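The primary structure of each chain is shown beneath.
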Amino acid sequence: MEPLTQAQKELYDWLVDYIQTAQHAPSIRQMMRAMNLRSPAPIQSRLEHLRNKGYIDWTEGKARTIRILSSTTSGVPVLGAIAAGGMVEPFIDGMDRIDLSGLFTQPGNFALRVTGDSMIEALIREGDLVIMQPVPEPEQLKNGQIVAARVEGYGTTLKHFYRQEDMITLQPANSNYPPIEVTAQKVEVQGVLVGVWRSFESNPT
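Within every chain, residues take consecutive numbers counted from 1 along the sequence as written. Selection of residues for local features in this predicted model requires a pLDDT of at least 70, selection of side-chain atom pairs for listing and counting requires 80 or more, and totals for whole chains, interfaces and linings are taken over all residues. Each side-chain value is derived from all of the structure's non-hydrogen atoms; neither hydrogens nor water enter the calculation.

Engineer: Help me understand helix H1 (residues 6-22) in this model?
Structural biologist: Each α-helix winds once per 3.6 residues, and so residues spaced three or four apart point in a common direction. We count a stretch as a helix when DSSP gives it H or I for four or more residues in a row; a strand needs E for two or more, and each element gets its number in order from the N terminus. Take the number of residues in a helix, subtract one, and multiply by 1.5 Å to get its expected span. The end-to-end C-alpha separation of H1 is 24 Å, in line with the 24 Å expected for 17 residues at 1.5 Å each. The contact criterion used throughout is that any non-hydrogen atoms of two residues lie within 4.5 Å. The elements touched by buried residues of H1 are helix H2 (28-34), helix H3 (40-52), strand S1 (56-57) and strand S2 (67-68). Positive phi appears at Gln23, one or two residues downstream of H1, with a value of about 65 degrees.

Take a look at the structure:
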């Protein structure tokens, strides 16, 4: 779909939240109040743009019929598994997507499903989905951040990141596991943690 202007995105995001919460479309007057506008004309213009770009639709001649159009590519892609115990080699041919309804949707974000229990003291458990943000400049990472890091010859693991000169320590959040200490050349940081998604059906305890 075509990208949105800032004003169009502001209205679209508000519409998504409102319709999901209220289970019906808002009125033009409600949209005006939400956008701090005194005239309906800008709202109508933004709605037309959203419709033309394929984000919304409505039934002509009927009030409160705006609906959000689903997209087969919406949501954050689940790219594979991430070890929080030993290491496993992740796959990248993920087909599943998780719809976070507007959360963690910065371009490039991806999700990994946690296996193992080495991060339980950071409140990350097996079966959780961790939302990761790409790291364009790894040297700007701060010590203590939780990262997905690929260690040469092993695989990818989820750990607290610490750098001291040319050495990297990947520290688990479980005293039953030792830290991983390697040279910086052997570590590729693939993402930094920005959120955790947990299904309580899959984690009943």
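Read on for the rest.
Engineer: What is the right way to look at the nonpolar core in this model?
Structural biologist: Burial of nonpolar side chains together is a common tendency in soluble globular proteins. By nonpolar core is meant a set of buried Ala, Val, Leu, Ile, Met, Phe, Trp, Tyr and Cys residues that side-chain atoms within 4.5 Å join together. Exposure is judged per residue with a 1.4 Å probe applied to protein chains only, and the accessible area is read against the type maximum: over 50% gives exposed, under 20% gives buried, and values in between give partly exposed. In terms of nonpolar packing, the biggest core is built from 17 residues, with Leu11, Met31, Ile43, Leu47, Leu50, Ile56 and Ile66 touching the most fellow members. Those elements that provide at least two residues to this core are H1, H2 and H3. The element contributing the most residues to this core is H1, with six residues. Not counting residues within four places of it along the chain, the set of residues in contact with Leu47 comprises Leu11, Leu15, Ile28, Met31, Ile56, Trp58 and Ile66. Listed in part, the 14 residues of the second largest apolar core include Phe161, Leu170, Val189 and Val192.

Engineer: Please clarify how the side chain of Ser118 should be interpreted in this entry.
Structural biologist: Looking at the secondary structure, you find Ser118 in the loop between strand S5 (110-115) and strand S6 (129-133). Of the residues examined, Ser118 reaches a relative accessible area of 0% and is grouped as buried.

Engineer: I would appreciate a short explanation of the packing of H1 against H3 in the present structure.
Structural biologist: Any two packed helices are characterised by the angle at which their axes cross and by the distance between the axes. Following both chains from N to C, one finds H1 and H3 inclined at 85 degrees, their axes separated by 10 Å at the closest point. As judged from the angle between their axes, H1 and H3 are roughly perpendicular. Between H1 and H3, the residues in contact are Ala7, Gln8, Glu10, Leu11, Tyr12 and Leu15 and Ile43, Arg46, Leu47, His49 and Leu50, respectively. In the contact of H1 with H3, the residues fall into seven nonpolar, two polar and two charged. Helix axes are fitted only over the stretch in contact, all axes being lines through C-alpha atoms; the angle between N-to-C directions runs from 0 to 180 degrees. Angular relationships are summarised with four words: roughly parallel below 35 degrees, roughly antiparallel beyond 145, roughly perpendicular across 65 to 115, and oblique for the angles in between. Classification convention: Asp, Glu, Lys, Arg as charged; Ala, Val, Leu, Ile, Met, Phe, Trp, Tyr, Cys, Pro as nonpolar; all other residues, Gly among them, as polar.

Engineer: Explain the pattern of salt bridges to me, please; I cannot follow it from the model alone.
Structural biologist: When their charged atoms lie close together, side chains carrying opposite charge are able to pair. Any Lys or Arg side-chain nitrogen found within 4 Å of a carboxyl oxygen on Asp or Glu counts as a salt bridge. With the rule as written, the count across this model stands at four salt bridges. Arg51 is the salt-bridge partner of Glu60, the closest N and O atoms lying 2.6 Å from each other. The exposure class assigned to Glu60 is exposed, which follows from its relative accessible area of 56%. Take Arg51: its relative accessible area is 23%, and that puts it in the partly exposed class. For Asp57, the salt bridge goes to Arg67, with nearest N and O atoms at 3.4 Å. Of this pair, Asp57 sits in strand S1 while Arg67 sits in strand S2; the two residues are 10 residues apart in sequence, bridging distant segments of the chain.

Engineer: Would you take a moment to explain the environment of Leu47 for this structure?
Structural biologist: With respect to the element layout, Leu47 can be found in helix H3. Once the C-alpha coordinates of Leu47 and Leu11 are considered, the two residues, 36 residues apart in sequence, prove to be 8.3 Å apart.

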